[in-house]
Amino acid sequence: MNSSRRRFLASLAGGLAVLPFASVFAQSGHGHHEGLYERLQQPGRVDKPEVTSVQNVFDSPTPKAATPGRWQSKAPLPLPRSEMAWATEHAGRMHLVGGYGEQKVDRPYHHVYDAASDRWTVAAPLPRGANHVGVAFMDVRLYAIGGFVEQNRRPHSECFVYETSADRWEKIAPLASACGSVACVALGGLLHGIGGAVGDTSEAKHSVDWHLVYDPKADRWEQRAPLPTGRDHVGALAVGDFIHVIGGRVNNFHTNSNLHHRYDPAQDKWEVRNPLPTARSGHGAVYYRGKIFVMGGEGTNRVFGQNEAYDPQTDAWEHYAPMSTPRHGLGAVAIGDAVYVAGGGPVVGGSVQSAVHEAFTLG
């Protein structure tokens with residue numbers, strides 16, 4: 001093992017290390033001219049797989065926005081990753097937790113991106129490595145809920161909270177039952193865990209309609225009105241006093257859903273909203289400039305580049321400039337006047353990870 005590799009692993013295990021754009025690939029002995037991708041079954045960087053030309057799709061059935069916006073490259077991830085499920089933002093920084101990487105599917109990675117400096121740092125790793133970990137910030141604390149310890153299966157029930165000031169994780173009350181790909185949304189001082197999937201084998205795995213709420217003051221989970229249709233790999237976020245749950249899969253990506261539900265916590269009630277134009281799962285969902293932007297995702301032999309936006313005021317969708325590099329199982333957040341989308345799989349399934357990081361702006 002070379003010295004740069006040892007330094008990187010030491011920083012991952014023990015502290016916060018700054019990874020500027022120019023040094024990201026030097027950490028592993030790679031230059032900018034080499035690949036941004038890595039295979040799950042084979043070490044070493046590779047270029048973008050040729051099959052992406054067949055699997056990538058960009059067309060949307062919705063009207064085109066008057067100002068389509070544009071994408072630009074940002075500092076790539078320190079290493080190729082995917083199946084984090086989601087990212088979350090706090091204080092101008094994006095946090096990516098867990099996922100696939102370096103030929104493992106139960107990584108504890110915790111990378112933090114600072115938009116102002118276009119730099120990545122390595123924060124304290126997740127106490128239990130997993131993929132499809134549900135994450136959300138509530139106040140100044142980062143919550144990590146459940147996840148799978150095998151490849152998109154065999155969930156665990158452990159939950160953790162990260163103290164940003166101390167760079168330290170602590171255990172909190174676990175889920176009543178093990179679950180992965182739980183959509184997490186903070187609203188009104190409570191953490192909502194919505195949907196997800198259970199099952200220790202690929203054959204037994206299935207989506208659930210669970211809706212649990214965590215109260216940090218009581219360190220306790222309680223039940224709320226279930227999601228009308230059980231699904232996982234959804235896009236979920238809070239807009240005003242409501243929670244939107246968009247798309248996702250029912251058991252697998254061959255049965256992706258275009259369902260769009262809105263939850264009213266005051267009434268503990270769900271209602272149907274205008275469906276997602278392109279049914280998909282493993283996509284990003286971000287509130288930006290008054291609209292919910294949904295980008296990326298996968299389906300049967302498809303990796304989506306579509307970037308479709310929903311206006312909560314008019315209950316209508318339109319489409320914007322598609323992703324430059326279609327991916328799924330990615331991290332997406334809004335910081336300032338841009339949407340940042342990092343990592344993810346460029347081909348269907350989890351066989352290839354990427355370090356690609358691109359930002360969308362209407363600028």
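**Considerations on the sheet that holds strand 3 (residues 42–46)**
The sheet built from three strands is open, its strands ordered 3-2-34 with antiparallel pairing. At either end of the open sheet lies a strand with only one pairing partner, and these are strand 3 and strand 34 (352–354). Mean inter-strand twist for the sheet, computed between neighbouring axes without regard to direction, equals 25 degrees. As paired strands, strand 2 (residues 37–39) and strand 3 are joined by three bridges and run antiparallel to one another. The residue of strand 3 that forms the bridge with Arg39 is Gln42.

**Here we look at the environment of Leu276**
By the secondary structure assignment, Leu276 is in the loop between strand 25 (269–272) and strand 26 (284–288). Since its relative accessible area comes to 1%, Leu276 is described here as buried. Sequence separation between Leu276 and Ser257 is 19 residues; the distance between their C-alpha atoms is 8.4 Å.

**Looking at the pairing of strand 10 (residues 134–138)**
Of all five residues in strand 10, five are buried, a share of seventy percent or more. Note that strand 10 and strand 11 (residues 141–150) share five bridges and pair antiparallel. Of the residues in strand 11, the one forming a bridge with Val135 is Ala144. Following strand 10, the chain reverses through two residues before pairing antiparallel with strand 11; Asp139 in that reversal takes a positive phi of roughly 60 degrees.

Cut-offs used in this document
Residues numbered from 1 in each chain as written. Predicted model: local features only at pLDDT ≥ 70, side-chain atom pairs only at ≥ 80, totals over all residues. Heavy atoms only, no water. Pairing = 2+ DSSP bridges. Helix = DSSP H or I, 4+ residues; strand = E, 2+ residues; numbered from the N terminus. Axes fitted to C-alpha atoms, helices over the stretch in contact; angles between N-to-C directions. Buried < 20%, exposed > 50% of the residue type's maximum accessible area, 1.4 Å probe, protein only.

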